[in-house]
Amino acid sequence: MEAGTGTGAGAVTDTGARAVAVVVPEAATGLVAQASPEPALDPAPAPAPSPSRDPEPAPEPSRDPEPALDPAPDLAPRPDSAHVTALSGGTGGADALAPLVDTVMDALARGARRRGGPIAPGRPGEVAATVSEVFGGPATVTGAEALDRLTELLAHGSADPADASCAAHLHCPPLAVAVAADLAVSALNPSQDSWDQAPAATALETLLLQELAGLVGYEPEQAAGVLTSGGTESNLMGLMLARDRVLGAASGRQIELTGVPGAGTDHAPRPRILASAAAHFSVQRAAALLGLGEDAVLPVPVDHHLRMDTEALADVLDGCAGRGELPVAVVATAGTTDTGAVDPLRACAALAAEHGAWLHVDAAYGGGALLSDRLAPLLDGLGLADSVSLDWHKLGWQPAAAGVFLVRRSETYASLARRAVYLNPADDEEAGYPSLLGLSLRTTRRADAFKIAVTLRTLGREGLGRLVDACRDLAVAGARAVADHPRLELHSEPVLTAFLFRYLPEHPSDAADAPADTAEARREYDARCDGVNAALRRRLLREGSAVVGRTELPGEGPGRVRLKLTLLNPHTTAAEVERLLHAVAAAGRTEEAAR
């Protein structure tokens, strides 16, 4: 399909800027069910041949070590003072906003051109100094010029997840249609804490959440939920409801009113939360905020692929019963941040139910698999969870924030219900004016449902599913390239769109006068591997040539540092991923030689 010639939902152009242009179908019915009649992506190129074990081509030369940001102003049209004091709402708001948006677009383009890659070269101190100079130092910009200059500064000094060499985190390049939808929300500024601030947005969020509940496997009319700032907030909400329901039933108290019963007495067994050793750190943070303490979280061992070991989970649950402790919740992960591992959800659900614990599934990353017919079976059993976290600013290509929290049964939401007479008086609700206030931990809240609704209406589940599948194919191709490379080691095959690997320095045993292969020698080599891999990542950042992730495997001692590629750009090619891996290997050789 030639650039710009697609006609219908999902038509895509692939210009130099890799912009996604989508034509909205005239008669779209159902936010999630609407399928795109044409592919959401041009046919994928044939996989690049695996690299030979001959020496790699020389790495591309680093960009000149110029200052991280150039404070020198560019000549460009500036909005006048009338525009910068105008408001974005009302009948004249769009006219006032238009020239300012033009200014932003021009500055974004200039900043991206100057950056010329995934991240601007330089060290953190250099970036901070240049920002300080422009914001409050000798090169300070003021008045109508500020929007232009500071936007260019931001674009030049940002990591660009749309660049094929920016693949470190669950940091997606948002779809242009989602960003355009988000602009409408920013201009109108509806707040979701009362109907009279957001009439249409209140109705739209309610409908969207019903659709998403059905996608998860819940009965839409029985479920409830809310848009959140992301997985951390969603996990907190799930564990708060678990605390209130399970501890409340065990103590006969209304926990949200009376607080957590004192631990260590016959009438107050210590509450426990069980999560895998690879679960997100926000589980411990939530336990602390809920008055349970981080030590209330019991880590459950994982297998090589970082999936929760359900036999170990059963043992830990039995141990709670034997010690008189109360398992409040089991947190299963559907898509760990490092490997994308998905815990055995059905087995976790059965064990949680057997012990009277709430099951919360953190599907902030893996929830995107629900969009793909190929990957959705990975989440079998998700509908059995009492609550679920989803993040559409990961495998959903939305600008942050686009988190979703859902519960299977709306009555379990009771402890969050709130009445504020200036926002949701009872007589208003009795008269048919609905309120979302009692569904959120926040009061003022953006209409983040709008951009998700627009994207789902535009592309449909099928169109978004093709984007998910394209990223999964990239991960498989990248893992194959790692396995075929003589100096790179793959940790495990990708489950979703991420994989772990490391650069292997020359091993002492390869030398003619190699020392004996002892435990101490292996430990020294593992420590050297850790140091080289950590340093090569920083080298790539300084050069501005790549943004690669870094993590550590669970356990103790050296040898656990791993690099990570998280592939969320469906327009990246297998050849570009392979070039990125060669750049990693070249940086590894440079660091190795320097030691």
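Residues numbered from 1 in each chain as written. Predicted model: local features only at pLDDT ≥ 70, side-chain atom pairs only at ≥ 80, totals over all residues. Heavy atoms only, no water.

Caption draft 1: Fine view of the packing of helix 6 (residues 199-216) against helix 13 (residues 449-483). The contact between helix 6 and helix 13 brings their axes to 10 Å, and the two run at 55°. If you check the angle between helix 6 and helix 13, you find them oblique. You can see that helix 6 and helix 13 cross each other, and the crossing is left-handed. Contact residues: Leu204, Glu205, Leu208, Leu212 and Leu215 in helix 6; Ala449, Phe450, Ile452, Ala453, Leu456 and Arg461 in helix 13. (Axes fitted to C-alpha atoms, helices over the stretch in contact; angles between N-to-C directions. Helix = DSSP H or I, 4+ residues; strand = E, 2+ residues; numbered from the N terminus. Parallel < 35°, antiparallel > 145°, perpendicular 65-115°, else oblique. Left-handed = near helix turned anticlockwise from the far one by under 90°. Contact = heavy atoms within 4.5 Å.)

Caption draft 2: Structural context of the pattern of salt bridges. On inspection of all chains with the given rule, the structure shows 33 salt bridges. Taking the shortest distance from any N to any O, the salt bridge between aspartate 473 and arginine 374 comes out at 2.8 Å. Taken together, the residues aspartate 473 in helix 13 and arginine 374 in the loop between strand 5 (358-363) and strand 6 (387-391) connect sequence positions 99 residues apart. Residues joined by salt bridges that share partners form a network here, namely Asp106, Arg110, Arg114, Asp148, Arg149 and Glu152. (Salt bridge = Lys/Arg side-chain N within 4 Å of Asp/Glu carboxyl O.)

Caption draft 3: Inspection of the sheet that holds strand 10 (residues 549-552) at higher detail. Here four strands make up an open sheet; going across it, the order is 8-9-11-10 and the pairing antiparallel. Among the strands making up the open sheet, the edge pair consists of strand 8 (488-490) and strand 10. Shown here is a sheet whose adjacent strand axes are inclined to one another by a mean of 40°, direction ignored. Pairing of strand 9 (residues 498-503) with strand 11 (residues 561-566) involves four bridges; the strand directions are antiparallel. Bridging from a neighbouring strand, leucine 500 pairs with lysine 564 of strand 11. Set on the sheet, helix 14 (residues 519-543) makes contact with strand 9, strand 10 and strand 11; between it and strand 9 the angle comes to about 115°. The strands touched by helix 15 (residues 574-593) are strand 8, strand 9 and strand 11; relative to strand 9, the strand with the most contacts, the crossing angle is about 30°. (Pairing = 2+ DSSP bridges.)

Caption draft 4: Structural context of the sheet that holds strand 3 (residues 297-300). Across the sheet, which stays open at both edges, the seven strands sit in the order 1-7-6-5-4-2-3 with mixed pairing between neighbours. Bordering the open sheet on either side are strand 1 (224-228) and strand 3, each of which pairs with just one other strand. This sheet shows a mean twist of 20° between the axes of neighbouring strands, independent of strand direction. As paired strands, strand 5 and strand 6 are joined by four bridges and run parallel to one another. By the bridge assignment for strand 6, alanine 363 is matched with leucine 390.

Caption draft 5: Region of the structure containing the confidence of the model for the protein. Per-residue confidence for the protein gives a mean pLDDT of 88, with 84% of residues at or over 70. Across residues 42-62, where pLDDT falls below 50, the model places 26 contacts with residues more than four positions away in sequence or in other chains. (pLDDT = per-residue confidence, 0-100.)

Caption draft 6: Fine view of helix 5 (residues 176-188). With 13 residues, helix 5 ought to run about 18 Å at 1.5 Å a step, and its terminal C-alpha atoms sit 19 Å apart, in line with that. Taken as a whole, helix 5 has its buried residues at Val177, Ala178, Ala181, Asp182, Val185 and Ala187. Of the surrounding secondary structure, the elements contacted by the buried residues of helix 5 are helix 2 (93-115) and helix 13. Two residues or fewer past helix 5, asparagine 189 is found with a positive phi of approximately 60°. (Expected span 1.5 Å × (residues − 1). Buried < 20%, exposed > 50% of the residue type's maximum accessible area, 1.4 Å probe, protein only.)

Caption draft 7: How the structure looks around the environment of proline 505. When you line up the elements, proline 505 lands in the loop between strand 9 and helix 14. Between the C-alpha atoms of proline 505 and asparagine 533, which are 28 residues apart in sequence, the distance is 9.1 Å. In this structure, proline 505 is in contact with Arg487, Tyr525, Arg528, Cys529, Val532 and Glu592, ignoring residues within four places of it in sequence.

Caption draft 8: The pairing of strand 3, seen in detail. Pairing analysis gives four bridges linking strand 2 (residues 271-276) to strand 3, with the strands arranged parallel. Looking across to strand 3, one finds that serine 276 is bridged to valine 300. Regarding topology, helix 9 (residues 282-289) serves as the crossover connection from strand 2 to the parallel strand 3, and that connection is right-handed. (Right-handed = clockwise from strand over helix to strand, strands pointing away.)

Caption draft 9: Quick look at the side chain of aspartate 448. Topologically, aspartate 448 is positioned in the loop between helix 12 (426-430) and helix 13. Since its relative accessible area comes to 4%, aspartate 448 is described here as buried. In terms of polar contacts, aspartate 448 uses its side chain to reach the side chain of arginine 446, at 2.7 Å. Among all residues touching aspartate 448, those that are not within four sequence positions of it are Asp182, Leu227 and Ala401. (Polar contact = N/O pair within 3.5 Å; in protein donor to acceptor, adjacent residues only side chain to side chain.)

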